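Listed here are the chains, written in short residue letters.
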Amino acid sequence: MANKVKTIGVLTSGGDAPGMNAAIRSVVRTALAAGLNVKGIKRGYAGLLDEDIVDMDTKSVADILQRGGTILYTARCLEFKEPEVQKRGAEILRKHGIDGLVVIGGDGSFQGASKLAALGINTVGLPGTIDLDIACTEYTIGFDTAVNTAMEAIDKVRDTSTSHERCSIIEVMGRQAGYIALWCGIANGAEDILMVEKYDHDEQRIINNILDKKKLGKKHHIIINAEGVGDSYGMAERIEKATGIETRATIIGHIQRGGSPTCKDRVYASAMGAKAVDLLCEGATNRVVGYRDGEFIDYDIQEALQMTKGIDEYMYEISKSYLSATEEKLILGYRQQYEKYIQHIEIEYQALVNQINEEVTMFKTLLALVFDGPENQKLEASVAVAISAGVQEEKLLKNRAERDAFFIAE
Ligand code: ADP
Ligand code: F6P
């Protein structure tokens, strides 16, 4: 089948994201392999209007797969929202012989791509944003790297927070979306996650939670605050005043946008780049590539822009460290563990302690579980470990009879 396009242009627009270079490389190399010409447009729509357009060959994308940022630079160009300016953009593309365009960016960038499609330029969008806030796709280029960077930074804050027995409010990026906050909240075992989509602004609840956990001997308190909620410094001051616990705010910031992309971001961005070129070769236009249910798929840009997505309820529930709608699932998990334990009642004391710690960490719940052993000493030690791991005292099952009653009654 003859290719429907002869020259593909590629640009990155909006906030940069790790993995954009992998996508550019894949677009260039796939297009060259299909016998097409490729041109790189610098600084998004701003560079298009300035005709900052360069020929790209296989060497232009050598040694970039592992690099963060975007070799094509990126920009926000507000004037591109104007119809007259979009027409000028389409004319410039035609002047340079570009009849297919790959736009790597977020929803705003796709709007621009859609306008160019209406003006006769075949366009395909690739979702490039650390925010994961594009409704038509479960994956966006850069999210995986950003969330891993944020997770590592939060681990570091946690070390110092524990040493000083402080409360830490850590603000992560995401604009109005809470995905980075949610994933870090789970991955870092935060006590609270504040996201625009869910936060009820009940600061007293946060304060009570901190005080309750302090009573249980908790040495630090981590709150992940999404950028869209903001006011981390103000919140830190208020929490310190209300709890008497030293509280610090850390805004992780642009570190989250940089760095070498993870394996996932390199591989998925490469797959998406290749798919964009395939679509253009088939004559498709006004499409956006997404990832859903294990497959790379594509949608009409306007349809994709109408889609909405929210915070996954199940993920949100498991992120909570107190008993919630997941209670039943957790109890089920404990019951299965319990059945295993009664078969191994002679378990070594240290192994017992380790297992309790693991259990509490794994389920992140205050539901108590005490594995009593044949001697009272073991029971006491188990209770102490459970309390220091954050189990609420009133929920402890303090002896075998209570424990059996709990599991059998459930
Ligand atoms: P993102 O693409 O990450 O959502 P922005 O919302 O900042 O980031 O959009 C990036 C760029 O896309 C804008 O600076 C502008 O050049 C272009 N753009 C945004 N909205 C539109 C629109 N409605 N029409 C045309 N171009 C747009
Ligand atoms: O969209 C990516 C993002 O990093 C958001 O998380 C954040 O709100 C915004 O861009 C920051 O933009 P800038 O780099 O212009 O400060």
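Novice: Looking at this model, I keep getting lost on the nonpolar core. Mind explaining?
Specialist: General note: in soluble globular proteins, nonpolar side chains tend to be found buried as a group. In terms of nonpolar packing, the biggest core is built from 60 residues, with Ile8, Val102, Ile104, Leu126 and Ile180 touching the most fellow members. No other element matches helix 9 (residues 263-281), which puts 8 residues into this core. Filtering out sequence-adjacent residues up to four positions away, Leu126 remains in contact with Ala23, Val102, Val103, Ile104, Gly105, Phe110, Ile141, Met272, Gly273, Ala276 and Val289. Judged by nonpolar contacts, the second largest core, of 27 residues, contains Tyr45, Phe80, Ala90 and Ile134.

Novice: Help me out: how do you make sense of the sheet that holds strand 5 (residues 122-127) in this one?
Specialist: Where strands meet in a sheet, backbone hydrogen bonds hold them as pairs that are either parallel or antiparallel. In space, the 7 strands of this open sheet follow the order 3-2-1-4-5-10-11, with mixed pairing throughout. Every interior strand has two partners, whereas the edge strands, strand 3 (53-56) and strand 11 (295-300), have only one. On average, each strand axis in the sheet is tilted by 25° relative to the strand beside it, whichever way the strands run. With 5 bridges joining them, strand 1 (residues 7-12) and strand 4 (residues 100-105) adopt parallel strand pairing. Looking at the pairing, Val10 lines up with Val102 of strand 4.

Novice: What exactly am I supposed to notice about the layout of surface pockets here?
Specialist: A probe matching the size of a water molecule, rolled over the atoms, marks out where space remains unfilled. Estimates place the volume of the largest pocket at around 690 Å³. Lining the largest pocket are 31 residues, and of these Gly14, Arg76, Gly108, Ser109 and Arg175 lie nearest its centre. Residue contributions to the lining of the largest pocket peak at 6 residues, all from helix 4 (residues 107-118). Of the residues that constitute the lining of the largest pocket, the class distribution is 7 nonpolar, 14 polar and 10 charged. For the second largest pocket, the calculated volume is near 350 Å³. Lining the second largest pocket we find 17 residues, and of these Leu132, Glu138, Tyr179, Trp183 and Lys309 sit closest to its centre. Elements with a contribution of two residues or more to the lining of the second largest pocket: helix 5 (143-163), helix 6 (179-187) and strand 10 (287-292). With 3 residues, the single largest contributor to the lining of the second largest pocket is helix 6. Taken together, the residues of the lining of the second largest pocket sort by class into 9 nonpolar, 2 polar and 6 charged.

Novice: Could you clarify how one ought to interpret unusual backbone geometry in this entry?
Specialist: Keep in mind that most residues, glycine aside, have a negative phi and that most peptide bonds are trans. Notably, Arg175 is not glycine yet its phi reads approximately 55°, a positive angle. Turning to its location among the elements, Arg175 is positioned in the loop between strand 6 (167-172) and helix 6. Accessibility expressed as a relative area gives 47% for Arg175, which makes it partly exposed. Positive phi, normally seen in glycine, also occurs at Asn286, with a value near 60°. Along the chain, Asn286 falls in the loop between helix 9 and strand 10.

Novice: What is the right way to read the site of ligand 2 from this model?
Specialist: Around ligand 2, the neighbouring residues are Arg76, Thr129, Ile130, Asp131, Met173, Gly174, Arg175, Glu227, His254 and Arg257. Between ligand 2 and the protein, one listed contact pairs an oxygen atom with a side-chain N or O atom of Asp131 at 2.7 Å. Arg175 has a polar side-chain atom sitting 3.2 Å from an oxygen atom of ligand 2. Relative to its unbound accessible area of 400 Å², ligand 2 is 77% covered by the protein chains. Taking a 2 Å distance to the grid points as the criterion, the majority of the atoms of ligand 2 fall inside the largest pocket. Grouping the constituent residues of the shell around ligand 2 by class yields 2 nonpolar, 3 polar and 5 charged.

Novice: Help me out: how do you make sense of the pairing of strand 1 in this one?
Specialist: Two faces, one strand: in a regular strand the side chains alternate between the faces of the sheet. With respect to burial, strand 1 is a largely interior element, 6 of its 6 residues being buried. Residues of strand 1 alternate between two faces, with Thr7, Gly9 and Leu11 on one and Ile8, Val10 and Thr12 on the opposite face, all of them buried. The pairing of strand 1 with strand 2 (residues 37-41) spans 4 bridges and is classified as parallel. Within strand 2, the residue paired with Gly9 across the bridge is Lys39. Between the parallel elements strand 1 and strand 2, the chain passes through helix 1 (residues 20-33) in a crossover that is right-handed.

Criteria and thresholds
- Residues numbered from 1 in each chain as written.
- Chains lettered and ligands numbered in written order.
- Predicted model: local features only at pLDDT ≥ 70, side-chain atom pairs only at ≥ 80, totals over all residues.
- Heavy atoms only, no water.
- Core = buried A, V, L, I, M, F, W, Y, C linked by side-chain atoms within 4.5 Å.
- Buried < 20%, exposed > 50% of the residue type's maximum accessible area, 1.4 Å probe, protein only.
- Helix = DSSP H or I, 4+ residues; strand = E, 2+ residues; numbered from the N terminus.
- Contact = heavy atoms within 4.5 Å.
- Pairing = 2+ DSSP bridges.
- Axes fitted to C-alpha atoms, helices over the stretch in contact; angles between N-to-C directions.
- 1 Å grid on protein atoms, 1.4 Å probe; cavity = no way out; pocket = protein on both sides within 12 Å on 5 of 7 lines; lining within 4 Å.
- Points joined across faces, edges and corners; volume = space filled by probe spheres on them.
- Nonpolar A, V, L, I, M, F, W, Y, C, P; charged D, E, K, R; others polar.
- Near = heavy atom within 4 Å.
- Polar contact = N/O pair within 3.5 Å; in protein donor to acceptor, adjacent residues only side chain to side chain.
- Areas by Shrake-Rupley, 256 points an atom, 1.4 Å probe, with all protein chains shown as cover.
- Sits in = over half its atoms within 2 Å of the grid points.
- Right-handed = clockwise from strand over helix to strand, strands pointing away.

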